[in-house]
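Okay, here's what each chain looks like letter by letter:
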Amino acid sequence: MIASLPPPPGERFNFAQHLLERNRTRAGKAAYIDDQGILSYGELDERVRRMASALVAKGLRREERVLLLMHDNNDWPVAFLGALYAGIVPVAVNTLLSGDDYAYILSHCRAQAALVSPALLPVLEKAMAQAPHEVKFTWASPLNAEIAGHEPMAASAPTRCDDIAFWLYTSGSTGKPK
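In this report, the structure presented in the accompanying data block is examined.

Calculation criteria
Residues numbered from 1 in each chain as written. Predicted model: local features only at pLDDT ≥ 70, side-chain atom pairs only at ≥ 80, totals over all residues. Heavy atoms only, no water. Pairing = 2+ DSSP bridges. Helix = DSSP H or I, 4+ residues; strand = E, 2+ residues; numbered from the N terminus. Core = buried A, V, L, I, M, F, W, Y, C linked by side-chain atoms within 4.5 Å. Buried < 20%, exposed > 50% of the residue type's maximum accessible area, 1.4 Å probe, protein only. Contact = heavy atoms within 4.5 Å. Phe/Tyr/Trp six-rings, centres within 6.5 Å; stacked < 30°, edge-to-face > 60°. Axes fitted to C-alpha atoms, helices over the stretch in contact; angles between N-to-C directions. Parallel < 35°, antiparallel > 145°, perpendicular 65-115°, else oblique. Left-handed = near helix turned anticlockwise from the far one by under 90°. Nonpolar A, V, L, I, M, F, W, Y, C, P; charged D, E, K, R; others polar.

With that settled, the discussion passes to the sheet that holds strand β6 (residues 137-140). Read across the sheet, 5 strands follow the order β6-β5-β3-β4-β7 without closing on themselves; strand pairing throughout is parallel. Single-partner strands in this sheet number two, and they are β6 and β7 (167-168). In terms of strand pairing, strand β3 (residues 65-69) meets strand β4 (residues 89-92) through 4 bridges, oriented parallel. Looking at β4, one finds that leucine 67 is bridged to valine 91.

Shown next, in the form of structure tokens:
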């Protein structure tokens, strides 16, 4: 028996909201596990919506970009999905690129903020010092303090099914990342 496909998204569609809604019945189950612990689907839901509120409170607006230079940990999906939930475009970058590549990406994508793993902060700061950029603030993981004082955003941004959700750059193996 072939399973039927879900209906296509309507004109209004927010992927983060969709993902959170699909997993509401699994609130107590593990969504992500890292060296610091387990993040349940219920905790993911709350943290994503707090991240969305925190980014908006810092002045980021729909369709603006935020750089994600983060190692794989529980903060990564919170940052990525939180941006999507707020209608902000995450720019997820490879953590193995050079400072020159990050400088280029920052000036090209016009990110308004950067979320970074502590070990990668020095290379990001060097990249920010060597080229023009629009980054207004940087948050280093863990992101608990940045999101703790914010109420979970009640409703996701009313994004459309054909809005740009996120940016990815190539590795730059044949030149500058594209």
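It is worth spelling out the nonpolar core at this point. Counting residues in each nonpolar core, the largest one holds 29 residues, and the members touching the most others are Met51, Leu55, Val66, Leu115 and Trp139. Looking at this core, the elements with two or more residues in it are α1 (15-22), α2 (41-57), β3, α3 (75-86), β5 (113-116) and β6. Leave out the neighbours within four places in its chain, and methionine 51 touches Val78, Ala79, Gly82, Leu115, Trp139, Leu143 and Ile147.

Our focus in this paragraph is the packing of aromatic side chains. The description of two aromatic rings rests on the distance between their centres and on the angle between their planes. For the coordinates displayed, the defined rule picks out 4 aromatic pairs. Taking the centre distance of 4.9 Å and the plane angle of 15° together, the rings of tryptophan 76 and phenylalanine 80 count as stacked. Within this pair, tryptophan 76 and its partner phenylalanine 80 are both found in helix α3, separated by 4 residues, close to a single helical turn. Residue classification places tryptophan 76 among the partly exposed positions, given a relative accessible area of 24%. Centroid distance phenylalanine 137 to tryptophan 139: 4.9 Å. Interplanar angle 50°. Geometry classified as tilted. Each member of the pair phenylalanine 137 and tryptophan 139 is classed as buried.

Our next topic: the pairing of strand β2 (residues 37-40). For strand β1 (residues 30-34) and β2, the ladder comprises 4 bridges, and the chain directions are antiparallel. Across the sheet, aspartate 34 pairs through a bridge with glycine 37, a residue of β2. Between β1 and the antiparallel strand that follows it, β2, lie 2 residues.

A few words now on the packing of helix α4 (residues 99-109) against helix α5 (residues 121-130). Where α4 contacts α5, the two axes come as close as 8 Å, and the packing angle between them is 55°. One way to sum up the angle between α4 and α5 is to call them oblique. Seen along the crossing, α4 lies across α5 with a hand that is right-handed. Contact with α4, carried on its side by Gly99, Asp100, Tyr102, Ala103 and Leu106, involves Val123, Leu124, Ala127, Met128 and Gln130 of α5 and no other residues of that element. Along the lines of polarity and charge, the residues of the contact of α4 with α5 split into 7 nonpolar, 2 polar and 1 charged.

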